[in-house]
Amino acid sequence: SERGRTRTGFAEVALVRTDARPTWRSASWVLGAALDAEGLRAFDVSRFDRTVATPGAFVQYDRPFTRWLRTSTSVRLDHSNLAGTILSPRLSALVKVSQQVSVRLSGGTGFAAPTARLEETAVTGLSPVAALGDLRAERARSASLAVTGRFGGFELDATVFGSEIDHALQVMQVHPGLDPFGPPLRVVNALTPTRTWGTELFARWTRDPFLLTATYAYTRATEADPDAAPELRSRRSVSLTPRHVVTFDGIIEEEDV
């Protein structure tokens, strides 16, 4: 067992401005600032004690160009004592093909500061992990295309998505010959990007008091193999990422009951 304590805090303030008389031409914008903080105290593995504070500022602007085209643009600037200063833009466009069909295209970036708290170390604990070295922040890019149709009581959605993460954090085995008395695991940045792409289908049928939904998702995610020789640039499937997911939900909703 390992004793530890994690404290997290988040604060945000935002100013929202919209047109006084909403019409299809109405534009809106949001201006704000945020602070995200986390403190880790690992009583039994003190080399992982840390405090991270990430202040940020953001602006978002939503504007319709025509009755059938609307865009949303946002930019966020964060400063982390572990990741430095990072700019994260995002753009989304909504096209109404008809009263029943719409198309949304979006893309953007993001980041995550280096940490030893990963899925692998949640299983092994931090004791067998070497102290974090000079790691780079994870940087992500993502995009998606979604088509939505509404026909009577039916709603159908089809989405294609993809993402790429540079410098993804991984856990690798330390060769015994390099440090026979040191911890056997080490957190490293992946040599090649982690890539994920797939599609999701969603269907919903509503007729009071019944609601039925069904989804199917296909996801293909690959990453660098940290335990292979660097010159081989070998890749493997990302663990804990199912290739196929199917769900069905049935709901009967009576407000009086």
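Data block above holds the structure.
No experiment lies behind these values; they were computed from the predicted model shown.

Peer 1: Looking at this structure, I do not really get a negative patch on the surface. What am I missing?
Peer 2: A surface patch of like charges, here negative, comprises Asp-208, Glu-253, Glu-254, Glu-255 and Asp-256. Within the element layout of this structure, Glu-253 appears in the segment after strand 14 (244-252).

Peer 1: Which parts of the structure should I look at to understand the pairing of strand 6 (residues 101-112)?
Peer 2: Both faces of the sheet carry side chains from a regular strand, because those side chains alternate between them. Where strand 5 (residues 84-96) and strand 6 come together, 7 bridges link them in antiparallel fashion. In the sheet register, Leu-91 faces strand 6, and the bridge partner there is Gly-107. As consecutive antiparallel partners, strand 5 and strand 6 are separated by 4 residues. Sheet analysis places strand 6 next to strand 7 (residues 138-151), joined by 12 bridges and oriented antiparallel. Counterpart to Phe-111 in the pairing with strand 7 is Arg-139.

Peer 1: Help me out: how do you make sense of unusual backbone geometry in this one?
Peer 2: Negative phi is the rule for most residues except glycine; trans is the rule for most peptide bonds. Following Asp-208, the chain continues to Pro-209 via a peptide bond in cis, the omega torsion being 5°. A positive phi is found at His-167, a non-glycine position, where the angle reads about 60°. Topologically, His-167 is positioned in the loop between strand 8 (154-166) and strand 9 (169-173). For Leu-240, which is not a glycine, the phi torsion comes out positive at approximately 65°. Note that Leu-240 resides in the loop between strand 13 (235-237) and strand 14. For Leu-240, a relative accessible area of 71% gives the class exposed.

Definitions and cut-offs
- Residues numbered from 1 in each chain as written.
- Predicted model: local features only at pLDDT ≥ 70, side-chain atom pairs only at ≥ 80, totals over all residues.
- Heavy atoms only, no water.
- Patch = residues over 30% accessible without salt bridge, like charges linked within 9 Å, V, L, I, M, F, W, Y side chains within 5 Å.
- Areas by Shrake-Rupley, 256 points an atom, 1.4 Å probe, with all protein chains shown as cover.
- Salt bridge = Lys/Arg side-chain N within 4 Å of Asp/Glu carboxyl O.
- Lys, Arg positive; Asp, Glu negative; His and termini not counted.
- Charge placed at Lys NZ, Arg CZ, Asp CG, Glu CD.
- Helix = DSSP H or I, 4+ residues; strand = E, 2+ residues; numbered from the N terminus.
- Pairing = 2+ DSSP bridges.
- Buried < 20%, exposed > 50% of the residue type's maximum accessible area, 1.4 Å probe, protein only.

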